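Listed below are the residues making up each chain.
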Amino acid sequence: MSKTSPVDVIIVGGGLSGLVVARELQKKRKTWILLEANERLGGRLQNDNSGDRIDLGGAWIWPQHQPLMNELVQSLDLEFFSQPGDYSSARVVGGAVEIVNKIVKELTKNDFGSNSESSPTCSIETGSAVMRCKRNQDKTIEVQDTRERTFVAKYLVIAGSPNMIEKCIEFDPPLSPLKIDSMRQSQTWMAGVTKVALVYESPRFWPIYESNRGMRAGPNKPSFQVYDGSPFEESLSALTFFALSSLSLTGDDDDTLAKQCVEQFCSSLSPKTIQDNPGICDSLKEYDRIHVKRWPLEKYISNDRNPTRINPHPEPKLYLARDEWDGCLLFAGTETDLRSPGVMEGAVGAALRAVKKLNQRLS
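As the structure is a prediction and not an experimental result, all values here were calculated from the model.

Moving on to the nonpolar core. Core analysis: the biggest nonpolar cluster contains 65 residues, and L16, I99 and L156 have the highest contact counts within it. Looking at this core element by element, the count peaks at nine residues for helix α10 (residues 344-362). If we skip the residues at most four places from it in the chain, L156 touches I10, V12, C133, I141, V143, W325, C328, L329 and L330. Ranked by size, the runner-up nonpolar core spans 21 residues in total, among them A258, V262, L284 and V292.

This is the structure:
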């Protein structure tokens, strides 16, 4: 079993929160290692794989009400565009995953201006599923992953879903009973959702008011919400559905799910829309391709592969945010935020809360 040289901080989780922790630590010239269980960084932020730049995970930002996300996006030289039909919200040009891409590029850029995956004191390790965290008598912390590697640090930041962390990682000494209970009761926001995007190689042709609303879900009507998921570029348009795949009773393949979503959407159009837009349903059913992301199948995000309901939006829970191990073990996933849990603003807020404490303790 290999053991790395000690660093200031180990970060477990390479979603938005973990990456913001690494970014802020790097600004203060602290040493860190980020461990991500999946081969992909970004957590619940993901685009399609074919270059259409369709958000298949977190997408919306409310710049007027989310100052941390507003500041982060601007600091990365990214741009917003208004969500069609709901101008109080916005999306990131290129998809929210561009936030991840920009941060990773910053983190892996060395002093000579070229890119490398690691430096002697800071690195990102993907495919590194943590299974055990131990605090030694000398106050150092050892983190072991499933590849039989041991990482050593002064501090540890857990930046993942509390519910999944409690199930997947052993802590020695054990976490406090109140912390464990809070983690077990927490729910990962939107982990039960399957996102279905229908892509059309043409500009938008449906009325805006029809494409940003809730839908009545039921057997073979799997969608409970639809929105205009078109990218900033006007050459493509997209309808994106939030769906419960368990409601698709006649098949579990992506094509069937997409067909059911568009049939459900067409059946819910108002008589006025159908009258004013002859042939709209035929056009809607002639999509060029689909992108489907089944978040319940993500091993480190959901523990229910076939959910039958969507959990309510998480509320702030004090014990999810509290440190353990005399302040050496900190928690920074979005569900641990005390202001905006579950959304991107909460991921950044939780990360900045953890970093503020680390900077004080490492000074």
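A separate point is the pairing of strand β13 (residues 223-228). Pairing geometry for strand β12 (residues 213-214) and β13, over two bridges, is antiparallel. Following the sheet pairing, R213 is matched in β13 by V226. The pairing of β13 with strand β14 (residues 237-243) spans five bridges and is antiparallel. Bridge pairing in β14 links D228 to L239.

Attention now goes to helix α1 (residues 16-27). Between its first and last C-alpha, α1 extends 17 Å over twelve residues, near the 16 Å set by a 1.5 Å rise per residue. If you check which residues of α1 are buried, you get L16, S17, G18, L19, V20, V21, A22, R23, E24 and L25. Next to the buried residues of α1 lie β2 (7-12), β3 (32-35), α2 (67-75), α3 (97-107), β9 (149-158) and α10. Count one or two residues on from α1 and you reach R29, which has phi positive near 60 degrees.

On to the packing of α2 against α10, then. At a minimum axis distance of 8 Å, the contact between α2 and α10 shows a crossing angle of 85 degrees. For the element pair α2 / α10, the angle class is roughly perpendicular. Side by side, α2 and α10 meet where P67, L68, M69 and L72 of the first sit next to M344, E345, V348, G349 and L352 of the second. Looking at side-chain class alone, the contact of α2 with α10 contains seven nonpolar, one polar and one charged residues.

What follows deals with a nonpolar patch on the surface. Together, L178, L318, Y319 and L338 give the surface a local cluster of nonpolar side chains, amounting to about 330 Å² of exposed area. One can find L178 in helix α5 (residues 177-185).

Another aspect to go through is unusual backbone geometry. Here the residue pair D172 and P173 is connected by a cis peptide bond, since its omega of 5 degrees sits within 30 degrees of zero. A positive phi angle, close to 60 degrees, is found at R53, a residue other than glycine. For R53, the position within the fold is in the loop between β3 and α2. For R53, a relative accessible area of 34% gives the class partly exposed. You will see that E148, though not glycine, has its phi angle at about 60 degrees, which is positive.

Viewed as axis vectors pointing N to C, α1 and α3 meet at an angle of 35 degrees, and their least axial separation amounts to 10 Å. Judged by the sense of rotation from one axis to the other, the crossing of α1 with α3 is left-handed. Contacts between α1 and α3 involve L16, L19, V20, A22, R23 and Q26 on the former and, on the latter, I99, V100, I103, V104, E106 and L107. Considering only residue class, the contact of α1 with α3 consists of nine nonpolar, one polar and two charged.

Conventions adopted
Residues numbered from 1 in each chain as written. Predicted model: local features only at pLDDT ≥ 70, side-chain atom pairs only at ≥ 80, totals over all residues. Heavy atoms only, no water. Core = buried A, V, L, I, M, F, W, Y, C linked by side-chain atoms within 4.5 Å. Buried < 20%, exposed > 50% of the residue type's maximum accessible area, 1.4 Å probe, protein only. Helix = DSSP H or I, 4+ residues; strand = E, 2+ residues; numbered from the N terminus. Contact = heavy atoms within 4.5 Å. Pairing = 2+ DSSP bridges. Expected span 1.5 Å × (residues − 1). Axes fitted to C-alpha atoms, helices over the stretch in contact; angles between N-to-C directions. Parallel < 35°, antiparallel > 145°, perpendicular 65-115°, else oblique. Nonpolar A, V, L, I, M, F, W, Y, C, P; charged D, E, K, R; others polar. Patch = residues over 30% accessible without salt bridge, like charges linked within 9 Å, V, L, I, M, F, W, Y side chains within 5 Å. Areas by Shrake-Rupley, 256 points an atom, 1.4 Å probe, with all protein chains shown as cover. Salt bridge = Lys/Arg side-chain N within 4 Å of Asp/Glu carboxyl O. Left-handed = near helix turned anticlockwise from the far one by under 90°.

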